Amino acid sequence: MVEVGYPLADEFSQGTPISTPCISVFSSREWWGFGPGRIWLDNVHCSGRERTLAQCKSNGFGVSDCKHSEDVGVVCNQRRIPGFKFISSFTNSVESLNVQIARIRTSSIYSQRKRVPITEGYLEVKDGGKWRQICDEEWTEMNNRVICGMYGFPGEKGYNTKVYKLLAKRRKKNYWDFGVNCTGNEASLHGCKLGHKVELKGNATCEKGMPVVVSCVPGRAFAPSYNQGFSKAYRVEQPLVRLRGGANTGDGRVEVLKNGEWGTVCDDSWNLKAASVVCRELGFGSAKEALAGGRLGQGMGPVHMNEVECSGFEKSLTECYFNRDALGCSHEEDAAVRCNVPAMGFQNKLRLSGGRNPFEGRVEVLAEKNDSLVWGTVCSDSWGTMEATVVCRQLGLGFASNAFQETWYWPGDVRADDVVMSGVRCSGTEMTLAQCLHHGKHLHCPRGGGRFAAGVSCSESAPDLVLNAQVVEHTTYLEDRPMYILQCANEEHCLSSSAATATPSSYRRLMRFSSQIHNNGQSDFRPRAAHNSWVWHDCHRHYHSMEVFTHYDLLSLNGTKVAEGHKASFCLEDTQCEEGTEKRYECANFGQQGITVGCWDTYRHDIDCQWIDVTDVVPGDYILQVVINPNYEVAESDYTNNIMKCRCRYDGHRIWTYNCHIGERR
């Protein structure tokens, strides 16, 4: 959010160079919420050459008819304009000397270069156009911790000093003329203070020490292997904390397990220290950002933690002080993080070709063929949303928007037409396409590559559907309904197979309940099917845009289906919305269908087909299971919350549902 302090207007007019070129401008309300205080600037027009915002044309300071719902924000490129010198609040910090992150590196020795990721090497900074080493005479473990964290590693470890001392004697040394003093909580070296100035005395510099060597411990998901890089699919295995709703590895809404139920963290007092504890706990480095205001989507269920305060050295977020009273906290305040992750080089092994923009195109993979690396296509047989999700994640392009099984409209590189990968099946948790199941060297692709190669389109945001479990629990009941008024429902396969031989005067026992489906994501949920392919349903008297939108099943306690699964089709519309959000979609009059962010679609218990036929079910204990978007037809930011389960008890006359919950419980 752009905020201007009016009392500083004179200072603005004096001018200092703008630190970074802006790459995006946003309506602030969607991203950072409403700003405080007065609105100082309105109708701002800049040529781009001004040194400060105050030099741009405007109505003048304090002259405005705007509301805070019109606040603007920006996202800036992390690369600073050449020649810019940052004036830090720490007058002796590393940042004040214009040492940028792009100018810090670890120079690994030969034996480490084959490993992915590189976890060990000499630390060097670029100053005055030259790479320089840092003397280790005053170097501390806290400094190592900061360096490892900024490179995506949760911890540091020792190294073979004999090897590096021997190499240091052979290398030409060019020392930086400052030491560094970190507390261990800094997000990067830039936040550390400068140590004592090093007296440069040629070969006699750093007589009692040697160049700094940093050795880091990678998280389990990034354990190095020779030549092959990462070998196993990434899965969060931490039992107490997890990330959800993030587009990239290391991003997500923070969720905590308490009393067997996952809940969120309120953003009151949320900061980089707490965020870094989460990141390191999950096997990443320090936090790049501590996000507030539900920036990475809103969760469901309880808010377990509020006003979290961490020292930064805790092993788990659960060890930090927090207020158990979350009164006043809503899911609009869910905290999230973006963590530093190691450089794995994944983006160099995959590309999109032929698309109209960098977010779409034919998928091309760098593969080994005849002892050389060549680019080739991926067979589109069984290609779907999960596979597209992994491609977008690997390329850092956000979420999958669509998966394509034909790409003739995207003319890729003809030299890459040959199929080099087939039989791809992904779970959606993998970090690279190579981690998914596939045929390996034994390719099988009847349709071939070229026009039938796999393609994707990616998006920076995605919807996230969540069923309201409490509504299901509170609205479940049994109804005995005569067959003669169920003919329409029977034709739409809403009854079990035994209904085919039932007489018109017989009754069917129906387990009815309401479905209230919320869109807690960051973009609207829209059906893939085009308007002209929607199907008219006589029972509901409207068009259905998704033929299989939910699965309703009654299971035994060991997971076996006892009532034939009913696949419900839906017309998608905004039944109700949160305050301040307008409805966009409605089913009437062949209208546009979808679910707006912040709205929900309700299928009431008294609508035809909003049931499970339990006529043939014997009394006992069961599990009611509802799955939304079961075929992953539409891409979402999080599929783990698409499933709801309830315990049920049926005595032959009545039915009780209890302990309804979203996702899996421990």
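Calculation criteria
- Residues numbered from 1 in each chain as written.
- Predicted model: local features only at pLDDT ≥ 70, side-chain atom pairs only at ≥ 80, totals over all residues.
- Heavy atoms only, no water.
- Pairing = 2+ DSSP bridges.
- Helix = DSSP H or I, 4+ residues; strand = E, 2+ residues; numbered from the N terminus.
- Phe/Tyr/Trp six-rings, centres within 6.5 Å; stacked < 30°, edge-to-face > 60°.
- Buried < 20%, exposed > 50% of the residue type's maximum accessible area, 1.4 Å probe, protein only.
- Lys NZ or Arg CZ within 6 Å of the ring centre and 35° of its normal.
- Axes fitted to C-alpha atoms, helices over the stretch in contact; angles between N-to-C directions.
- Disulfide = S-S within 2.5 Å.
- Salt bridge = Lys/Arg side-chain N within 4 Å of Asp/Glu carboxyl O.
- Contact = heavy atoms within 4.5 Å.
- pLDDT = per-residue confidence, 0-100.

### Observations concerning the pairing of strand β19 (residues 350–354)
Regular strands have side chains that alternate between both faces of the sheet.
Then, in step 1: The sheet contact formed by β19 and strand β20 (residues 360–369) spans 5 bridges and is antiparallel. Paired with Leu 352 across the strands is Val 363, a residue of β20.
Then, in step 2: Joining the antiparallel neighbours β19 and β20 is a turn of 5 residues.

### Observations concerning the packing of aromatic side chains
Then, in step 1: Applying the stated criterion across every chain yields a total of 11 aromatic pairs.
Then, in step 2: Taken together, a centroid distance of 5.1 Å and an interplanar angle of 85° make the contact between Phe 404 and Trp 410 edge-to-face.
Then, in step 3: An angle of 80° between the planes, with centres 4.8 Å apart, marks the rings of Tyr 632 and Tyr 639 as edge-to-face.
Then, in step 4: When its relative accessible area of 35% is taken as the criterion, Tyr 632 is described as partly exposed.
Then, in step 5: Connected via pairs of aromatic rings, a cluster forms that spans Phe 404, Trp 408, Tyr 409 and Trp 410.
Then, in step 6: Over the ring of Trp 375 we find Arg 351; its NZ or CZ atom is 4.2 Å from the centre of that ring.

### Details of the sheet that holds strand β27 (residues 507–512)
Two orientations exist for strands paired in a sheet by backbone hydrogen bonds: parallel and antiparallel.
Then, in step 1: Within the open sheet, the 3 strands sit side by side as β26-β27-β35. Their pairing is antiparallel. The open sheet is flanked by β26 (477–482) and β35 (611–613), the only strands paired with a single partner. Taking each pair of neighbouring strands and ignoring which way they run, the sheet shows an average axis angle of 35°.

### Some words on the state of the cysteines
Note on terminology: disulfide describes a covalent bond linking the sulfur atoms of two cysteines.
Then, in step 1: Enumeration over the complete set of coordinates arrives at 13 disulfides.
Then, in step 2: Between the sulfur of Cys 310 and that of Cys 320 lies a disulfide, 2.1 Å long from S to S. Between Cys 310 and Cys 320, the disulfide has an S-S torsion of 110° and is therefore right-handed. Residue Cys 310 is found in the loop between β16 (303–309) and β17 (321–323), and its partner Cys 320 is found in the loop between β16 and β17; the two are separated by 10 residues along the sequence.

### Brief notes about unusual backbone geometry
Then, in step 1: Of note, the phi angle at Ser 382 is positive, near 65°, even though the residue is not glycine.
Then, in step 2: By the element assignment, Ser 382 lies in the loop between β21 (372–378) and α6 (385–394).
Then, in step 3: Of note, the phi angle at Asn 659 is positive, near 55°, even though the residue is not glycine.
Then, in step 4: Here Asn 659 falls in the partly exposed class, since its relative accessible area comes to 47%.

### A short note on the pattern of salt bridges
Then, in step 1: Within the structure shown, the criterion is met by 23 salt bridges.
Then, in step 2: With its nearest N and O atoms 2.6 Å apart, the salt bridge here joins Glu 360 to Arg 356.
Then, in step 3: Between Asp 613 and Arg 508 there is a salt bridge, and its shortest N-O distance comes to 3.0 Å. With Asp 613 in strand β35 and Arg 508 in strand β27, the pair connects residues that are 105 residues apart, well separated along the chain.
Then, in step 4: Asp 613 sits in the buried class, given a relative accessible area of 7%.

### A few points about the environment of Val 277
Then, in step 1: Tracing the chain through its elements places Val 277 in helix α5 (residues 272–281).
Then, in step 2: Residue Val 277 is classed as buried on the basis of its relative accessible area of 1%.
Then, in step 3: When the C-alpha positions of Val 277 and Cys 310 are compared, they lie 7.7 Å apart, and in sequence the two are 33 residues distant.
Then, in step 4: When residues no more than four places from it in sequence are discounted, the contact partners of Val 277 are Cys 310, Gly 312, Glu 314, Ser 316, Leu 317 and Cys 320.

### So, the confidence of the model for the protein
Then, in step 1: Mean pLDDT over the protein: 82, with 85% of residues reaching 70 or higher.
Then, in step 2: This stretch, residues 82–91, has a pLDDT under 50; its non-local contacts, to residues over four places away or in other chains, come to 13 contacts.

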